[in-house]
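Listed below are the residues making up each chain.
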Amino acid sequence: APPKSPWIFHQGEFIRAGDLYMGPGLQGLHYGTGVFEGIRSYAVPDPGTPSAPRSGGPETSGPDDDRDARAAAGTYLFQAAEHYARLHRSCRLMRLDLPHSVSELVDITAELLRRNELNGHAYIRPVVHKLALRPGTPFGVRLSGVSTALTIMAMPMGAYVSRDGISCGVSSWRRIPDSSLPVNAKVTGGYANNALAVDEASAAGYDDAIMLNQRGEVAEASTANIFVVRDGQVATPHLGADILPGLTRAAVIDLLASEGGPRTAERTVLRSELHMADEVFLTGTGCQVVPVVTIDGRPVGDGVPGPVTRLVQELHHRATSGQLPAYRHLNHPVVFR
Ligand code: PMP
C-alpha cells in the first residue's frame, strides 16, 4: 500500500492531507487574505539519558537544576496558548471567523500530534483564510461576506538554523509599515514582502535579510525579531518600529530579566548600531535563538557568538524543555497513548 499522507485538521475534522480539496477560487489564495501561526513542540528526554543536556557538572548546576522542578520526559507544545491567542487577534483584524477557543485549538493540536505520532520535535502551522464568496455575492477584493477555513498541519522539525551563527544582509526592501498592513497580525499576504527580502539576501550569498522600516530604523529579520548587544546592554526594536511582536522575543526579554541576565531596552535601533554591536541575535519560533555573526559582510563583534547570545540560547533551551519552574506554564504536555 502507498504511504498514507499526514493527518491534518480541516474545517472541524481530521482528514488526510491528500484528501484535501479547496478549489481554485480561494480568496486567500488570490489576495493573501489569511492569517497564520507557527508553533513548536519539543521532545524532552528523560533526565537520566545521556542525550539529556543537563545531567549535572559544575558549569551546568544552578538554582534551576533541581530535577524535581523539571518537566517529565515527553512532548510539550511551547507557548501554544499564546500563539492561538495571537491567531485569534489576527483573525479579528482580518474579519476571519475562528469557531474554536484557544484551549480547544491547543487540544486539537495535541490530537493532531498524536494522530501523526509526532512525539519528537515538531512544527505546527495553523492557517485561517478566506475561502470563497457565499452564493450570490460577486467575486472581489473584500473581507466581509466571505467564508473562512481553518487548516492545521504538523510536521517533524528539529533545529534548522545553525546555532553557531548565520550571515545577514540589510535588505533594500523596507518592511511594510503598520499604516499599510497591520504588523501585529500574521497576515499571509504580507509575507510577499519578506519573501522579496529573503530572495535578495540569498542572491547576495547571505543566510537571511535584516529589514529596516520606512524610517530606516532596524525592524526585524525575515521571520524573526532582532536583538543587539553592546557593552553588556541589550536592545531590541520597540513595538512602534513596525515589527511583529514575537512570542520568542517576549519570552527572551522575560528570561533575561528573571534569570539574572541583562535587562532589554525596547527602543529605536539604528542601522549603524548593527555595525557597532558586540553581538546580534535573532529570535523566532522557527529559528529559535540564532547568532548573527556577519552583517553585510562585516563581522559582528569578534565574528563568533558572544556570551549574551549563548546565555539566551541556554535559557530558551531550558524554557522550551520544561527546566524552568517559573516558565512551566508555557509547556503544554501532549500525552501519547
Ligand atoms: N517577525 C516575523 C515577521 C515573523 O514571521 C516571526 C515568526 N512568527 C517573528 C518575527 C518571530 O515571532 P515568534 O517568536 O512569535 O515566532
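Residues numbered from 1 in each chain as written. Predicted model: local features only at pLDDT ≥ 70, side-chain atom pairs only at ≥ 80, totals over all residues.

Student: Give a detailed account of the nonpolar core, specifying residues and quantitative values.
Tutor: Counting 76 residues, the largest nonpolar core has Ile226, Val228 and Val280 as the members making the most contacts within it. Looking at this core element by element, the count peaks at five residues for helix α5 (residues 247-258). In this structure, this core is formed jointly by two domains, domain 1 (7-43 + 72-156) and domain 2 (166-305), each of which donates at least three residues. Every residue in contact with Val280, bar those within four places of it in the chain, is listed here: Ile226, Phe227, Val228, Leu274, Val292, Ile295 and Val300. (Core = buried A, V, L, I, M, F, W, Y, C linked by C-beta atoms within 7 Å. Buried ≥ 20, exposed ≤ 12 C-beta atoms within 10 Å, placed from the backbone. Helix = DSSP H or I, 4+ residues; strand = E, 2+ residues; numbered from the N terminus. Domains from an automatic or database assignment. Contact = placed C-beta atoms within 7 Å.)

Student: Could you give me a rundown of the domain arrangement of the protein chain, with the residues and numbers involved?
Tutor: Splitting the protein chain by domain gives domain 1 (7-43 + 72-156) and domain 2 (166-305). Distance from the C-alpha centre of domain 1 to the C-alpha centre of domain 2: 26 Å. Contacts between domain 1 and domain 2 engage 21 residues on the former and twelve residues on the latter. In terms of residue count, helix α2 (residues 80-93) provides more of the side of domain 1 that touches domain 2 than any other element does, five residues in total. Split by residue class, the side of domain 1 that touches domain 2 holds eight nonpolar, nine polar and four charged. (Nonpolar A, V, L, I, M, F, W, Y, C, P; charged D, E, K, R; others polar.)

Student: Which residues make up the environment of Val187, and what values go with them?
Tutor: Residue placement: Val187 occurs in the loop between β8 (166-170) and α4 (191-203). Excluding residues that lie within four positions of it along the chain, Val187 makes contacts with Gly32, Val35, Ser90, Met94 and Leu181.

Student: An account of the confidence of the model for the protein chain is needed here, citing residue identities and associated values.
Tutor: Chain-level statistics for the protein chain give a pLDDT mean of 92 and a share of 92% at 70 or above. Counted against residues more than four places away or in other chains, residues 52-65, with its pLDDT under 50, gives 14 contacts. The ipTM, which scores confidence in the relative placement of chains, is 0.99 for this predicted complex, and the corresponding pTM is 0.93. (pLDDT = per-residue confidence, 0-100.)

Student: An account of the site of the ligand is needed here, citing residue identities and associated values.
Tutor: The local shell around the ligand holds 14 residues, among which Gly246, Leu247, Thr248, Gly284 and Thr285 are the closest. The element best represented in the shell around the ligand is α5, accounting for three residues. Here the shell around the ligand is composed, by residue class, of three nonpolar, nine polar and two charged. (Near = placed C-beta within 6 Å.)

Student: Requested: an account of the pairing of β8, with residues and values cited.
Tutor: Taken together, the three bridges between β8 and strand β15 (residues 288-295) define a ladder with parallel strand orientation. Residue Cys168 lies in a different strand from β15, and its bridge partner there is Ile295. Across three bridges, the pairing between β8 and strand β9 (residues 208-212) is parallel. Within β9, the position partnered with Val170 by the bridge is Ile210. Since β8 and β9 lie parallel, the crossover through α4 that links them has a hand, and here it is right-handed. (Pairing = 2+ DSSP bridges. Right-handed = clockwise from strand over helix to strand, strands pointing away.)

Student: Explain helix α7 (residues 307-320) to me, and be specific about the residues and the numbers.
Tutor: An ideal rise of 1.5 Å per residue puts 20 Å on 14 residues; α7 measures up with 20 Å between its terminal C-alpha atoms. What α7 keeps buried is the set Val308, Thr309, Val312, Leu315, His316, Arg318, Ala319 and Thr320. Trailing α7 by a residue or two, Gly322 shows a phi angle of about 70°, which is positive. (Expected span 1.5 Å × (residues − 1).)

Student: Got a sec to walk through the packing of α5 against α7? Specific residues and values, please.
Tutor: Where α5 contacts α7, the axes come no closer than 10 Å and their chain directions differ by 105°. Considering their axes alone, α5 and α7 lie roughly perpendicular with respect to each other. Contacts between α5 and α7 involve Ala251, Val252, Leu255 and Leu256 on the former and, on the latter, Val312, Leu315, His316 and Ala319. Taken together, the residues of the contact of α5 with α7 sort by class into seven nonpolar, one polar and no charged. (Axes fitted to C-alpha atoms, helices over the stretch in contact; angles between N-to-C directions. Parallel < 35°, antiparallel > 145°, perpendicular 65-115°, else oblique.)

Student: Describe unusual backbone geometry, naming the residues involved and giving the relevant values.
Tutor: One non-glycine residue, Gln11, lies in the positive phi region at around 50°. Structurally, Gln11 is set in the loop between β1 (7-10) and β2 (13-16). Residue classification places Gln11 among the partly exposed positions, given that 14 C-beta atoms sit within 10 Å. Unlike most non-glycine residues, Glu117 shows phi in positive territory, near 50°. Relative to the helices and strands, Glu117 is located in the loop between α3 (102-115) and β6 (122-133). In this structure Glu117 comes out as exposed when scored by C-beta crowding, with 11 C-beta atoms within 10 Å.

Student: Could you give an account of the packing of α2 against α3, naming the residues involved and the relevant values?
Tutor: How two helices pack is summed up by the angle between their axes together with the distance between the axes. It is the contact of α2 with α3, at a shortest axis distance of 9 Å, that shows an interaxial angle of 120°. In terms of orientation, α2 and α3 fall into the oblique class. With respect to the hand of their crossing, α2 and α3 are arranged in right-handed fashion. For the pair formed by α2 and α3, the contact residues are Ala80, Ala81, Tyr84, Ala85 and His88 on the first element and Val102, Leu105, Val106 and Thr109 on the second. (Left-handed = near helix turned anticlockwise from the far one by under 90°.)

Student: Go over the pairing of strand β13 (residues 264-267) with me, naming the residues and quoting the values.
Tutor: Alignment of strand β12 (residues 233-237) against β13, held across four bridges, turns out to be parallel. Looking at the pairing, Pro237 lines up with Arg267 of β13.

Student: Summarise α4; cite the residues concerned and give the values.
Tutor: Because an α-helix completes one turn every 3.6 residues, residues spaced three or four positions apart along the sequence face the same direction. With 13 residues, α4 extends 18 Å from end C-alpha to end C-alpha; this agrees with the ideal 18 Å at 1.5 Å per step. Buried within α4 we find Asn194, Ala197, Val198 and Ala201. Down the axis of α4, the smallest arc covering the buried residues is 100°, so these residues share one side. In this structure, α4 carries Ala192 and Ala203 as exposed residues pointing more than 90 degrees from its buried face. Contacts from the buried residues of α4 go to β8 and β9. Just downstream of α4, Gly205 is the residue with a positive phi angle, here 90°. (Arc of directions from axis to C-beta.)

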